[in-house]
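# Examination of the molecular architecture
Below, each chain spelled out in residue letters.
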Amino acid sequence: MQKVGVIGLGSMGKVHLRNYCEMPDVQVVGVMDVAQANLDDAKKRFGVPGFTHLPDLLKLKPDAVSISVPTVLHYEVALEVIEHGVALLVEKPLAATAEQGWRLVEAAKAKGVPLMVGHIERFNPAIQRMKELIGDDLISLSIERVGPYPVRIQDVGVIRDLGSHDIDLIRHLTGSNFETVSGVFSASLGKHEDSALITAKMENGVLAHITTNWVTPFRSRKVTASCKSRFVEADLMTQQVREYGMFAESEKNYTVRDWPVMRREQMREELTAFLAAVRDKTRPPITGEDGLAVLKVIERIFEGA
Ligand SMILES: NC(=O)c1ccc[n+]([C@@H]2O[C@H](COP(=O)([O-])OP(=O)(O)OC[C@H]3O[C@@H](n4cnc5c(N)ncnc54)[C@H](O)[C@@H]3O)[C@@H](O)[C@H]2O)c1
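Residues numbered from 1 in each chain as written. Predicted model: local features only at pLDDT ≥ 70, side-chain atom pairs only at ≥ 80, totals over all residues. Heavy atoms only, no water.

## A few points about unusual backbone geometry
Along the chain, Lys92 connects to Pro93 via a cis peptide bond; the corresponding omega equals -10 degrees. Not every positive phi belongs to a glycine, and Asp25 is a case in point at roughly 60 degrees. With respect to the helices, strands and loops of the structure, Asp25 is situated in the loop between α1 (11-22) and β2 (26-32). A positive phi angle, near 50 degrees, is found at Lys61, a position not held by glycine. (Helix = DSSP H or I, 4+ residues; strand = E, 2+ residues; numbered from the N terminus.)

Set out below in structure tokens:
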């Protein structure tokens, strides 16, 4: 039985908690949040003990914890968890700055503590299908992640909150690192940027583009991949994937194939992979270094602007 905890019981922390409570061979020894109301709700729904002070949870010696506090608090909370030698899954982005991200990676390495980052879209069945289909003849990737403004996110802008998903996805789908990257962005609603257009060229020559904003009335998460042999579209919300064959000059047509939708709860996949890595003492599927690479790209975008 693996003993776990959840720190930060907001909209994402609640998803971590529900999944842990539904997973076999997992015992939630406790949860922590500064808001007593969230602890009371967790107690009522899942019967788990709650704490407003982190040391009180860590005293229960969990094998692993999820950290889903606001991004600006990831560094201080994660460092305290690492100092207690507890394995951690930190929600994306790893931290508010690359400097903080680097310090967390180094601290976890020094303490020999498994550190994973919650880039959950890697566990999206549509992304897993797309990665299979794009093989090694990928030319360019285009990602759209837009929706209405989430009032609760006050600490960071759309590039760190939403763009971080897609910067990681581009590294994951291309299997390469960013060679050049630049972005334009604006703030029309609040103090942080809420619209951004990001373009990049990867070290393996693949081109990439991200459109992300909080000024669209409906949520949309779409990825398109242009390859020499095919064109692939993935809808990350419906988990649907459509594959197009290339235009056949002779027949003046092209093939279209809809792949079966394998609906799966991504969080369950992510937490299962995390706890397996902790149990088997293997490398987590999304490492602190992966999280740090995303933060470095984000800072290059802001520096270049
Ligand atoms: N993977 C995803 O798809 C995804 C989606 C949404 C949010 N996130 C990430 O999850 C994190 C949390 O986002 P959210 O949307 O759940 O935010 P939220 O505001 O809904 O929840 C944050 C929670 O943390 C608690 N909190 C604040 N300070 C704390 C502290 N010092 N110690 C313990 N708890 C504290 C708050 O009381 C609140 O319950 C962010 O880093 C965000 O980027 C990831």
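## Thoughts on the site of the ligand
Neighbouring the ligand are 25 residues; Asp33, Asn38, His74, Lys92 and Arg152 lie closest to it. His74 places a side-chain nitrogen or oxygen 2.8 Å from an oxygen atom of the ligand. Among the secondary structure elements, those contributing two or more residues to the shell around the ligand are α1 and α7 (158-174). Here the residues of the shell around the ligand are counted per class, giving 11 nonpolar, 9 polar and 5 charged. (Near = heavy atom within 4 Å. Polar contact = N/O pair within 3.5 Å; in protein donor to acceptor, adjacent residues only side chain to side chain. Nonpolar A, V, L, I, M, F, W, Y, C, P; charged D, E, K, R; others polar.)

## Concerning the sheet that holds β2
Reading across from one edge, β3-β2-β1-β4-β5-β6 is the order of the 6 strands in this open sheet, with parallel pairing throughout. The open sheet is flanked by β3 (50-51) and β6 (115-118), the only strands paired with a single partner. Pairing analysis gives 4 bridges linking strand β1 (residues 2-7) to strand β4 (residues 64-67), with the strands arranged parallel. Its bridge partner lying in β4, Gly5 is registered against Val65. (Pairing = 2+ DSSP bridges.)

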